[in-house]
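For reference, the chains in residue letters:
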Amino acid sequence: MKRVIRTISLGLFGGLALQLQAQDPELTQFYAAPVYTNPALAGSAVCAYGAAGRVSLNYRNQWPNLPGTFRSFCASWDQHIPSVGGGLGAMVFHDIAGSGLLTSTTVSGVYSYLLPLDRGRMYMRFGLQGSVTNKSINFGRLKFADQINPTQGFVLPTGEQTPSSSVTYPNFNAGWVMYTSKFYMGFAAHNVNQPNWSFYKNPDEILPVRLTVHAGGVIPMTRSRFEENNFSPNVLFMKQRNFTQLNLGFYANKGPLVTGLWFRQTFGAYKNSDAIIMLVGFRKNRFKFGYSYDFTVSDGRSAIPSSHEISATIDWCVPPGRTPFKPLHCPEF
């Protein structure tokens, strides 16, 4: 998965040429970070008798073998609120690239509206998310051509003019989900306003729209009232600028244990068979914990053999109130 394309070209023989091409960070356990994956999933948590609230924590360490690895942290809260007719949520996302060379922090709020259809046999949710992002770059750690001493290396002061080391911008996302007791599908559009995040005030340096389509089903494997055993095939398709990705896989639940196996394929300018993803999760009462391992199968596997991701969630029941509510049987990881 080429989740971030950031190219810093330092012209050692012709001044500075700095180009930053950004793509949103991505989480393998996308349903364990519902607010980040699709704003319409806010408030979709369920418990034994209806709606629930939840707090989710996610950590991803991508390609730790690289000197400048990518690390992402996400913390979110969402809950169904009967008095507002849907769900509310909040999220903080922090991303570190290049061992701290480039960092970003996003704070956002989200609202989803619940619409019952077909006499309560089908439901829709529509979500809107507003956020503020701050990106910063440590220009003090960059090296320029005029700093080179032929015998001593990078020891001279640079004459290059550096721009602001920080940029802040607003961003807006939208989403939709439709579901029954056995099937669900959703669509999300992130970076709808295509914000400019250039440190050099370059009007062409925008964050492109990210489109996500996800769908799946739940196939019960037992009729026991005391143990939930099911099989859940899933697909997620994502496109952002010239990067396109398809995830195909399944989850298998047996009581408190959840396992999963996925294959990730990229298309377009970066076409390759990217990774095989293995997941194991555990749920006990209101607590969930998941670990996933991305095994790289592309030509770059010798340099970037793996990525690791951990998720933890705590949820709780809330009074259902007067708002119709149907559980969204969505995977938990």
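One can find the structure itself at the top, above this paragraph.
For clarity, every value in this text was computed on a predicted model and none was experimentally measured.

Trainee: I'd like a description of the pattern of salt bridges, backed by residues and values.
Mentor: Taken as a whole and judged by the stated rule, the model has eight salt bridges. Residues Asp274 and Arg264 are paired through a salt bridge, measuring 2.9 Å at the closest nitrogen-oxygen approach. Here the residue Asp274 occupies a position in strand β16 (residues 272-284), and Arg264 occupies one in strand β15 (residues 257-268), the gap between them amounting to ten residues. A single burial state applies to Asp274 and to Arg264, both of which are buried. Its salt-bridge partner being Asp294, residue Arg264 comes within 3.1 Å of it at the nearest N-O pair. Here the residue Arg264 occupies a position in strand β15, and Asp294 occupies one in strand β17 (residues 287-296), the gap between them amounting to 30 residues. On the basis of relative accessible area, Asp294 is assigned to the buried category, the value being 2%. Salt bridges sharing common partners tie together Arg60, Arg264, Asp274, Asp294 and Glu309.

Trainee: Describe the packing of aromatic side chains, naming the residues involved and giving the relevant values.
Mentor: If you walk through the whole model with that rule in mind, you get ten aromatic pairs. Centroid distance Phe30 to Trp262: 5.5 Å. Interplanar angle 80 degrees. Geometry classified as edge-to-face. Here Trp262 lies in strand β15 and Phe30 lies in the segment before α1 (34-37), a separation of 232 residues in the sequence. Here Phe30 falls in the buried class, since its relative accessible area comes to 4%.

Trainee: Requested: an account of a nonpolar patch on the surface, with residues and values cited.
Mentor: A cluster of nonpolar side chains, contributed by Val55, Leu57, Trp77, Phe287, Phe289, Ile310, Ile314 and Trp316, occupies part of the molecular surface with about 670 Å² of accessible area. Elements that contribute at least two residues to the nonpolar patch include exactly β2 (50-62), β17 and β18 (306-317). Ranked by the residues each element gives to the nonpolar patch, the list is headed by β18, at three residues. Among the structural elements, Phe289 can be located in strand β17.

What counts and what doesn't
- In every chain, residue numbers begin from 1 and rise along the written sequence.
- With pLDDT at 70 or above as the cut-off, local features in this predicted model cover only qualifying residues; side-chain atom pairs require 80 or more to be listed or tallied, and sums for whole chains, interfaces and linings still use all residues.
- Values shown for side chains rest on all heavy atoms present in the structure; no hydrogens or waters enter the calculation.
- Whenever a carboxyl oxygen of Asp or Glu lies within 4 Å of a side-chain nitrogen of Lys or Arg, that contact is scored as a salt bridge.
- Secondary structure elements follow DSSP: runs of H or I no shorter than four residues count as helices, runs of E no shorter than two count as strands, and numbering proceeds from the N terminus.
- Each residue gets one of three labels from its accessible area relative to the maximum for its type: buried under 20%, exposed over 50%, partly exposed in between, using a 1.4 Å probe on protein chains only.
- Only rings of Phe, Tyr and Trp enter the pairing, Trp through its six-membered ring, and a pair is recorded when the two centres are within 6.5 Å. The plane angle decides the type: under 30 degrees is stacked, over 60 is edge-to-face, the rest tilted.
- Patch membership needs two things, relative accessible area over 30% and no salt bridge, and members are linked within 9 Å if like-charged or within 5 Å if nonpolar (Val, Leu, Ile, Met, Phe, Trp, Tyr).
- Using the Shrake-Rupley algorithm and a 1.4 Å probe, accessible areas are obtained, with residue cover drawn only from the displayed protein chains.

Function cannot be read off these values alone, since they describe shape.
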